[in-house]
Amino acid sequence: MEVKKLLDESSLYIMNTYKRFPIVLRKGRGMKVWGADGKEYLDFVGGIAVNILGHCHPRVVVAIQKQAQRLLHVSNFYHIGPQIRLAKLFVQHTFADKVFFCNSGAEAVEAAIKLARKYAKANIGPECFEIITAENSFHGRTLAALTATGQKKFQKGFEPLVPGFKHVLFNDADALRRTITKETCAIMLEPIQAEGGVIVPHKHYLAEVRKICDEHNLLLILDEVQTGMGRTGKFFAHEHFGITPDIMTVAKGLGGGVPIGAMLATDKVASAFHPGDHASTFGGNPLVCAAAVATIETLLEDGFVLDQCNRMSEYFVEKLGNLREKFPPLIADIRGLGLLLGVELTRECAAIVKECLEMGMLINCTAEKVLRFIPPLIIQKKDIDQLMDVLDNVFGKLM
Ligand SMILES: Cc1ncc(COP(=O)(O)O)c(C=O)c1O
């Protein structure tokens, strides 16, 4: 009864922007979440690649509790201790020299677009403002991020979009070369197209893109909102490809479950921003930064979580391979890196996701036919085994 009332009030009071499943989640620990009716679920969605350390990781919870007792929020008019600690961690462990903090992935993308334009006008040419992104990409829902997104279905109805974006085929360096004009200032890509169906480029693509950027004096922006924070088995996905960007966006896993985003850049590029050029009231506030410091420290400490991610990725792919053999026409492809895994089916997967939910498994479908698995990086073999039993059962019913 209580759940029914909540569902009724949800549709009564909340704007109708999400297609939601009819459950209310109330509690989470590690890989598990529990509904308001007490039903237990194993979570292979992880808040869409957010809960990298699982639900309510004790170190993150304690960091939030301690910070909440000390100081929740102050303005960026003043210096903020946890924000400085977090920026220093990024600078110590990535290509970046400077960090700007915001509250979400889309905001990080907006900040990246603004920094690229500002830098380009002063350093590449006053006419340079255009950014080339990829078809089938996803960069967020705010207007410039939506325009950067190379998928018409998200843009429909919101025209006119923001000027200055062009889209080219992903994984095709020649198409990029042909699209550059004297107005181009940057190329922005996801290292792996996650929302677009877990599309992994060939292993030389990003290095070719880096080379093109260097040859044409363009900035390379990598959107690591989904691929970052250990998701692919390295701190950031571009590390697999032996390159570094000029600007990078981060969010999702960064706060271990609290909303925070960041835009990172080299000193050379970051120096284009001056006081007043960009800002966010909540950006890098003490509470979320304390959570993010605890998250990054836990993620990178001893390499334990990244090792676990890589080991579990191997096991996961092996088990998916067994399913593919058992149900040959159903699984067209298995792909991904680390714990960003996609299983492309030969049919739409919505009914499978629904069936799995009923059997206690939260899984996700993207690009209509791709089951996307983005669980916490602390997942264990027994969790994967449980999922495989359920998928085996559900696929069996379909065949
Ligand atoms: C690559 C990428 N960029 C940006 C975003 C937008 O992030 P947010 O939903 O936090 O605004 C997403 C979200 O899925 C994403 O996957």
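First, a word on scope: everything that follows refers to the structure included in this document. This one's a predicted model, so the numbers in the text were calculated from it and none came from an experiment. (Residues numbered from 1 in each chain as written. Predicted model: local features only at pLDDT ≥ 70, side-chain atom pairs only at ≥ 80, totals over all residues. Heavy atoms only, no water.)

Re the side chain of His 238
Checked against the element boundaries, His 238 lands in the loop between strand 8 (219–223) and strand 9 (247–250). In contact with His 238, not counting residues within four places along its chain, are Phe 95, Leu 222, Glu 224, Ile 243, Thr 244, Pro 245 and Met 248. (Helix = DSSP H or I, 4+ residues; strand = E, 2+ residues; numbered from the N terminus. Contact = heavy atoms within 4.5 Å.)

Some words on the state of the cysteines
Tallied over the full model, the rule gives zero disulfides. Free of any disulfide, Cys 128 has its nearest cysteine sulfur in Cys 185, 6.8 Å distant. Relative accessible area serves as the criterion here: at 2%, Cys 128 is assigned to the buried category. (Disulfide = S-S within 2.5 Å. Buried < 20%, exposed > 50% of the residue type's maximum accessible area, 1.4 Å probe, protein only.)

Observations concerning the sheet that holds strand 6 (residues 165–168)
Strand pairing in a sheet takes place through backbone hydrogen bonds and is either antiparallel or parallel in direction. Spatial ordering of the open sheet is given by 4-10-9-8-7-5-6, a layout of seven strands whose pairing is mixed. Whereas interior strands pair on both sides, the edge strands pair on one side only; in this sheet they are strand 4 (98–102) and strand 6. Across the sheet, the mean angle separating the axes of adjacent strands is 20° when strand polarity is ignored. The sheet contact formed by strand 5 (residues 130–134) and strand 6 spans four bridges and is parallel. Bridge pairing links Ala 134 to Val 168 in strand 6. Contacts from helix 5 (residues 105–123) reach strand 4, strand 5, strand 6, strand 7 (184–189), strand 8, strand 9 and strand 10 (261–265), with the element oriented near 165° to strand 9. Its contacts with the sheet put helix 9 (residues 205–216) on strand 7 and strand 8, and the angle it makes with strand 7 is roughly 165°. (Pairing = 2+ DSSP bridges. Axes fitted to C-alpha atoms, helices over the stretch in contact; angles between N-to-C directions.)

Description of a nonpolar patch on the surface
A cluster of nonpolar side chains, namely Leu 12, Tyr 13 and Ile 14, defines an oily patch on the protein surface of about 380 Å² accessible area. Among the secondary structure elements, Leu 12 is positioned in helix 1 (residues 2–13). In this structure Leu 12 comes out as exposed when scored by relative accessible area, which is 61%. (Patch = residues over 30% accessible without salt bridge, like charges linked within 9 Å, V, L, I, M, F, W, Y side chains within 5 Å. Areas by Shrake-Rupley, 256 points an atom, 1.4 Å probe, with all protein chains shown as cover. Salt bridge = Lys/Arg side-chain N within 4 Å of Asp/Glu carboxyl O.)

So, the packing of helix 13 (residues 350–358) against helix 14 (residues 381–398)
Here helix 13 crosses helix 14 at 130°, and the two axes come no closer than 10 Å. Here helix 13 lies oblique to helix 14, going by the angle between them. Of the two elements, helix 13 crosses helix 14, and the hand of that crossing is right-handed. Along its contact with helix 13, which presents Ile 352, Glu 355 and Cys 356, the element helix 14 presents Val 390, Leu 391, Val 394, Phe 395, Lys 397 and Leu 398. (Parallel < 35°, antiparallel > 145°, perpendicular 65-115°, else oblique. Left-handed = near helix turned anticlockwise from the far one by under 90°.)

A short note on the site of the ligand
Every residue near the ligand is listed here: Ser 104, Gly 105, Ala 106, Phe 138, His 139, Gly 140, Glu 190, Glu 195, Asp 223, Val 225, Gln 226 and Lys 252. Interatomic distance of 2.8 Å between a backbone N/O atom of Ala 106 and an oxygen atom of the ligand. At a separation of 2.7 Å, a nitrogen atom of the ligand approaches a polar side-chain atom of Asp 223. Within the complex, 82% of the 390 Å² of free accessible area of the ligand lies under protein. Here the residues of the shell around the ligand sort into three nonpolar, five polar and four charged. (Near = heavy atom within 4 Å. Polar contact = N/O pair within 3.5 Å; in protein donor to acceptor, adjacent residues only side chain to side chain. Nonpolar A, V, L, I, M, F, W, Y, C, P; charged D, E, K, R; others polar.)

Points about the packing of aromatic side chains
A ring pair, where both rings are aromatic, is described by two values, the distance of the centres and the angle of the planes. Per the stated rule, a full pass over the model turns up ten aromatic pairs. Relative to Tyr 78, the ring of Phe 77 has its centre 6.1 Å away and its plane inclined at 85°; by these criteria the two rings are edge-to-face. Taken as a pair, Phe 77 and Tyr 78 share a single burial class, namely exposed. Aromatic pair Phe 316 and Phe 373: ring centres 5.3 Å apart, planes at 40°, arrangement tilted. (Phe/Tyr/Trp six-rings, centres within 6.5 Å; stacked < 30°, edge-to-face > 60°.)

Some words on the sheet that holds strand 12 (residues 340–345)
Ordered by their spatial adjacency, four strands build an open sheet running 11-12-15-14, and the pairing between neighbours is antiparallel. Strand pairing shows two members of the sheet lacking a second neighbour, strand 11 (331–337) and strand 14 (364–366), which therefore form its edges. Along the sheet, successive strands turn relative to each other by an average axial angle of 25°, direction set aside. With six bridges joining them, strand 11 and strand 12 adopt antiparallel strand pairing. Considered in strand 12, the bridge of Ile 334 is made with Val 343. Of the strands in this sheet, strand 11, strand 12 and strand 15 (370–373) touch helix 12 (residues 304–326), which is tilted by about 175° from strand 11. Sitting on the sheet, helix 13 touches strand 12, strand 14 and strand 15, and the angle it makes with strand 14 is about 170°.

Examining helix 5
If you check helix 5, its first and last C-alpha atoms are 26 Å apart, about what 19 residues at 1.5 Å a residue would give, namely 27 Å. Listed in full, the buried residues belonging to helix 5 are Gly 105, Ala 106, Ala 108, Val 109, Ala 111, Ala 112, Ile 113, Leu 115, Ala 116, Tyr 119 and Ala 120. The N-terminus of helix 5 is capped by Ser 104, whose side-chain oxygen sits 3.3 Å from the backbone nitrogen of Glu 107. (Expected span 1.5 Å × (residues − 1).)

Here's the deal with the pattern of salt bridges
Under the criterion given, the structure shown has 20 salt bridges. Of the charged contacts in the structure, one is a salt bridge between Glu 130 and Lys 166, with a shortest N-O distance of 3.2 Å. Highlighted residues: Glu 130 in strand 5 and Lys 166 in strand 6, separated in sequence by 36 residues. Residues joined by salt bridges that share partners form a network here, namely Arg 59, Glu 297 and Glu 301.

Description of the environment of Pro 329
Checked against the element boundaries, Pro 329 lands in the loop between helix 12 and strand 11. Sequence-distant contacts of Pro 329, defined by excluding residues within four places in its chain, comprise Thr 346 and Met 399.

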